[in-house]
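# Structural overview
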Amino acid sequence: WPEVRVRKFLEMRGTDAGPQEMIKALPAFWVGLLYDKESLDKAYEMVKDWTNEDRDYLRIMTPQHRLQTPFMGTTVQDIAKNVLALSEAGLKRRNILNESGEDESVYLAPLHEIAETGRNWAQRLLDLYNGPWNRDISQIFKVMNYENEPSVFKIDSPSARPAPANANAVKPATKKPGNDLKAA
């Protein structure tokens, strides 16, 4: 499956499972970004000069180095914060309110927490697996049981700060003449 398929609409690949807050956060993120012209135009400005090589670099390196992946003089974490801000602004402009008077941007809270800490859901679970769980995979069934209401806000792992990217494992991507992706 590709991440996006173009039909008469954009079919986005979503999350398969996870805490309910994350299941709500993903469509809210895309709505804020894609349904608001101003946010969409600003997002386009961010990525319009990225080459296929740039996108391949991100597709390959980000799963390995997470949000700490260096890219074009910044990190994927900083890019995530910027895109999340665009989505939030788009949701606020839509001004669709819930019964408490909150706009749809409330659903972005777990994404903000991940973007700020640099630690995604998978990293938190891996930290628990390699730490307090003593590599006992059966613990994940207790944590992820929906009766326990798993939450990115409740699950914390020993490494409260983002792990630094291994400087020898990945080099920042930068633009060079010819618009090719090169290691800096």
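Structure shown above.
Residues numbered from 1 in each chain as written. Predicted model: local features only at pLDDT ≥ 70, side-chain atom pairs only at ≥ 80, totals over all residues. Heavy atoms only, no water.

### What about the packing of aromatic side chains?
What counts, and what does not: Pairing of aromatic rings covers Phe, Tyr and Trp, the last through its six-membered ring, and needs centres within 6.5 Å; plane angles under 30 degrees mean stacked, over 60 mean edge-to-face, and all others mean tilted. Secondary structure counts use DSSP, requiring at least four H or I residues in a row for a helix and at least two E residues in a row for a strand, with both numbered from the N terminus. Burial classes follow relative accessibility: with a 1.4 Å probe on protein chains only, a residue under 20% of its type's maximum area counts as buried, one over 50% as exposed, and anything between as partly exposed.
Tallied over the full model, the rule gives three aromatic pairs. Centre to centre, the rings of W50 and F71 are 5.0 Å apart; their planes meet at 85°, and the pair counts as edge-to-face. Of this pair, W50 sits in the loop between α2 (37–47) and α3 (52–65) while F71 sits in strand β3 (residues 70–71); the two residues are 21 residues apart in sequence, bridging distant segments of the chain. As far as the burial class goes, W50 and F71 line up, both buried. The interplanar angle of 20° and the centroid separation of 5.9 Å between the aromatic rings of Y57 and F71 together place this pair among those described as stacked. With Y57 in helix α3 and F71 in strand β3, the pair connects residues that are 14 residues apart, well separated along the chain. For the pair shown, Y57 and F71 are each scored as buried.

### Here's the deal with a nonpolar patch on the surface
Put simply, the test is: Each patch groups residues whose relative accessible area exceeds 30% and which form no salt bridge, using 9 Å between like charges and 5 Å between nonpolar side chains of Val, Leu, Ile, Met, Phe, Trp and Tyr. Note on areas: these come from Shrake-Rupley sampling with a 1.4 Å probe, and a residue is covered only by the protein chains present in the view. Any carboxyl oxygen of Asp or Glu that lies within 4 Å of a side-chain nitrogen of Lys or Arg is treated as forming a salt bridge with it.
Taken together, the side chains of V4, V6 and L10 define a hydrophobic patch exposed on the protein surface, amounting to about 280 Å² of accessible area. Mapped onto the fold, L10 is located in strand β2 (residues 10–12). Given a relative accessible area of 47%, L10 falls into the partly exposed group.

### Considering the packing of helix α1 (residues 20–34) against helix α5 (residues 109–117)
What counts is decided by this rule: The axes are straight lines fitted to the C-alpha atoms, using for helices just the contacting stretch, and the angles between their N-to-C directions are given from 0 to 180°. Under this scheme an angle from 65 to 115 degrees is roughly perpendicular, one under 35 degrees roughly parallel, and one over 145 degrees roughly antiparallel; angles in between are oblique. Whether two residues touch is decided by their heavy atoms; if any such pair falls within 4.5 Å, the residues are in contact. Under the scheme applied here, ten amino acids are nonpolar (Ala, Val, Leu, Ile, Met, Phe, Trp, Tyr, Cys and Pro), four are charged (Asp, Glu, Lys and Arg), and all others, including Gly, are polar.
Interaxial distance between α1 and α5 falls to 8 Å at its minimum, and their mutual angle equals 90°. Looking at the two axes, α1 sits roughly perpendicular to α5. Here E21, M22, A25 and F29 of α1 come into contact with α5, specifically with P110, L111 and I114. Class assignment of the residues belonging to the contact of α1 with α5 gives a composition of six nonpolar, no polar and one charged.

### Some words on the pattern of salt bridges
One pass over the structure, following the stated rule, counts ten salt bridges. Measuring nitrogen to oxygen at the nearest pair gives 3.3 Å for the salt bridge that ties K92 to D103. Taken as a pair, K92 in helix α4 (residues 76–94) and D103 in the loop between α4 and α5 lie far apart in primary sequence, eleven residues in all. Note on K92: relative accessible area 41%, which makes it partly exposed. The partner of R119 in a salt bridge is D127, and the shortest N-O contact between them spans 3.8 Å. Considered together, R119 and D127 belong to a single accessibility category, that of buried residues. Each of D36, E38, K42 and R93 takes part in a single network of salt bridges with overlapping partners.

Without other data, these values stay purely geometric and don't point to any function.
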